[in-house]
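One-letter residues, chain by chain:
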Amino acid sequence: MSFSAFIGYLVFPNKIFFYIMIMYATLSVFTFFIYKIDKSAAEKGSWRTSENTLHFLATLGGWPGAMIGQQVFNHKTKKTSFRIIFWISILLNISLLTLFLIYTPWYNFASY
(Lines give C-alpha, C1' and ligand atoms only; values in the text may rest on other atoms or scores of the structure.)
Protein backbone atom coordinates (compact mmCIF):
# COMPACT_ATOMS: atom_id res chain seq x y z
CA MET A 1 0.00 0.00 0.00
CA SER A 2 1.46 3.32 -1.03
CA PHE A 3 0.49 5.19 2.17
CA SER A 4 2.40 2.65 4.29
CA ALA A 5 5.41 3.01 2.02
CA PHE A 6 5.20 6.80 2.36
CA ILE A 7 5.09 6.59 6.17
CA GLY A 8 8.04 4.17 6.09
CA TYR A 9 9.94 6.56 3.85
CA LEU A 10 9.38 9.40 6.32
CA VAL A 11 10.50 7.35 9.31
CA PHE A 12 13.93 6.40 8.02
CA PRO A 13 15.30 9.91 7.39
CA ASN A 14 14.00 10.97 10.84
CA LYS A 15 11.25 13.19 9.47
CA ILE A 16 8.45 11.61 11.46
CA PHE A 17 8.27 10.05 14.90
CA PHE A 18 8.63 6.30 14.85
CA TYR A 19 5.60 5.87 17.10
CA ILE A 20 3.33 7.38 14.44
CA MET A 21 4.20 4.48 12.17
CA ILE A 22 3.52 2.06 15.02
CA MET A 23 0.20 3.81 15.72
CA TYR A 24 -0.93 3.45 12.11
CA ALA A 25 0.11 -0.20 12.02
CA THR A 26 -1.57 -1.04 15.32
CA LEU A 27 -4.80 0.78 14.51
CA SER A 28 -4.86 -0.77 11.04
CA VAL A 29 -4.50 -4.31 12.37
CA PHE A 30 -7.12 -3.64 15.06
CA THR A 31 -9.54 -2.10 12.56
CA PHE A 32 -8.98 -4.97 10.12
CA PHE A 33 -10.07 -7.44 12.80
CA ILE A 34 -13.06 -5.27 13.74
CA TYR A 35 -14.18 -5.50 10.10
CA LYS A 36 -13.70 -9.27 10.24
CA ILE A 37 -15.79 -9.51 13.42
CA ASP A 38 -18.48 -7.23 11.99
CA LYS A 39 -18.68 -9.23 8.76
CA SER A 40 -19.03 -12.46 10.75
CA ALA A 41 -21.75 -10.87 12.88
CA ALA A 42 -23.57 -9.69 9.75
CA GLU A 43 -23.55 -13.22 8.35
CA LYS A 44 -24.84 -14.67 11.63
CA GLY A 45 -27.40 -11.94 12.22
CA SER A 46 -25.95 -11.04 15.61
CA TRP A 47 -24.82 -7.78 17.25
CA ARG A 48 -22.97 -5.49 14.81
CA THR A 49 -20.30 -2.84 15.19
CA SER A 50 -21.83 0.57 14.51
CA GLU A 51 -20.83 2.42 11.37
CA ASN A 52 -19.84 5.38 13.56
CA THR A 53 -17.30 3.16 15.33
CA LEU A 54 -15.89 1.96 11.99
CA HIS A 55 -15.59 5.56 10.79
CA PHE A 56 -14.03 6.67 14.09
CA LEU A 57 -11.36 3.97 13.84
CA ALA A 58 -10.65 4.97 10.24
CA THR A 59 -10.33 8.63 11.21
CA LEU A 60 -7.94 7.80 14.06
CA GLY A 61 -5.59 6.12 11.59
CA GLY A 62 -6.96 2.64 11.07
CA TRP A 63 -8.16 3.38 7.55
CA PRO A 64 -5.45 1.30 5.80
CA GLY A 65 -6.63 -1.78 7.74
CA ALA A 66 -10.25 -0.81 7.12
CA MET A 67 -9.60 -0.54 3.40
CA ILE A 68 -7.93 -3.95 3.32
CA GLY A 69 -10.69 -5.44 5.49
CA GLN A 70 -13.36 -4.11 3.18
CA GLN A 71 -11.73 -5.82 0.22
CA VAL A 72 -10.74 -9.08 1.93
CA PHE A 73 -14.14 -9.62 3.56
CA ASN A 74 -16.18 -7.85 0.86
CA HIS A 75 -17.70 -5.82 3.67
CA LYS A 76 -19.18 -2.32 3.44
CA THR A 77 -18.16 -2.06 -0.21
CA LYS A 78 -21.55 -1.38 -1.76
CA LYS A 79 -23.23 1.06 0.63
CA THR A 80 -22.60 4.44 -1.00
CA SER A 81 -23.30 6.56 2.08
CA PHE A 82 -20.79 4.52 4.09
CA ARG A 83 -18.17 4.77 1.34
CA ILE A 84 -18.51 8.56 1.10
CA ILE A 85 -18.06 9.05 4.84
CA PHE A 86 -15.21 6.53 4.81
CA TRP A 87 -13.32 8.55 2.19
CA ILE A 88 -14.00 11.75 4.13
CA SER A 89 -12.50 10.09 7.22
CA ILE A 90 -9.39 9.19 5.22
CA LEU A 91 -9.04 12.77 3.99
CA LEU A 92 -9.52 14.06 7.53
CA ASN A 93 -6.88 11.73 8.91
CA ILE A 94 -4.34 12.60 6.22
CA SER A 95 -5.09 16.31 6.68
CA LEU A 96 -4.49 16.07 10.43
CA LEU A 97 -1.26 14.14 9.87
CA THR A 98 -0.13 16.76 7.36
CA LEU A 99 -0.86 19.59 9.81
CA PHE A 100 1.06 17.71 12.48
CA LEU A 101 4.05 17.32 10.15
CA ILE A 102 3.96 20.98 9.14
CA TYR A 103 3.65 22.43 12.62
CA THR A 104 5.89 20.09 14.63
CA PRO A 105 9.53 21.16 15.01
CA TRP A 106 11.78 18.36 13.79
CA TYR A 107 15.15 19.78 14.79
CA ASN A 108 15.23 17.87 18.10
CA PHE A 109 14.03 14.57 16.70
CA ALA A 110 17.40 12.86 17.15
CA SER A 111 17.32 13.52 20.91
CA TYR A 112 14.15 11.40 21.36
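Residues numbered from 1 in each chain as written. Predicted model: local features only at pLDDT ≥ 70, side-chain atom pairs only at ≥ 80, totals over all residues. Heavy atoms only, no water.

1. Let's talk about the pattern of salt bridges
Scanning all chains against the criterion turns up three salt bridges. Between Asp-38 and Arg-48 there is a salt bridge whose closest N-O contact spans 2.9 Å. Taken together, the residues Asp-38 in helix 2 (residues 18-44) and Arg-48 in the loop between helix 2 and helix 3 (51-73) connect sequence positions 10 residues apart. Between Glu-51 and Lys-79 there is a salt bridge, with the nearest N and O atoms lying 2.7 Å from each other. Taken together, the residues span a long stretch of sequence, with Glu-51 in helix 3 and Lys-79 in the loop between helix 3 and helix 4 (80-103) at a distance of 28 residues. Its relative accessible area of 40% is what places Lys-79 among the partly exposed residues. (Salt bridge = Lys/Arg side-chain N within 4 Å of Asp/Glu carboxyl O. Helix = DSSP H or I, 4+ residues; strand = E, 2+ residues; numbered from the N terminus. Buried < 20%, exposed > 50% of the residue type's maximum accessible area, 1.4 Å probe, protein only.)

2. Section: the confidence of the model for the protein
Averaged over the protein, the pLDDT score is 85; the fraction of residues at 70 or greater is 82%. Taken element by element, the protein is modelled with least confidence in helix 1 (residues 2-11), mean pLDDT 68, and with most confidence in helix 3, mean pLDDT 94. (pLDDT = per-residue confidence, 0-100.)

3. Quick notes on the nonpolar core
Ranked by size, the top nonpolar core spans 18 residues in total, and within it Tyr-24, Tyr-35, Trp-63 and Phe-86 carry the most contacts. Sorting the residues of this core by element identifies helix 2, helix 3 and helix 4 as the ones contributing at least two each. When residues in this core are grouped by element, the largest group, seven residues, is from helix 3. Among all residues touching Trp-63, those that are not within four sequence positions of it are Phe-3, Tyr-24, Leu-57, Ala-58, Phe-86, Ile-90, Asn-93 and Ile-94. (Core = buried A, V, L, I, M, F, W, Y, C linked by side-chain atoms within 4.5 Å. Contact = heavy atoms within 4.5 Å.)

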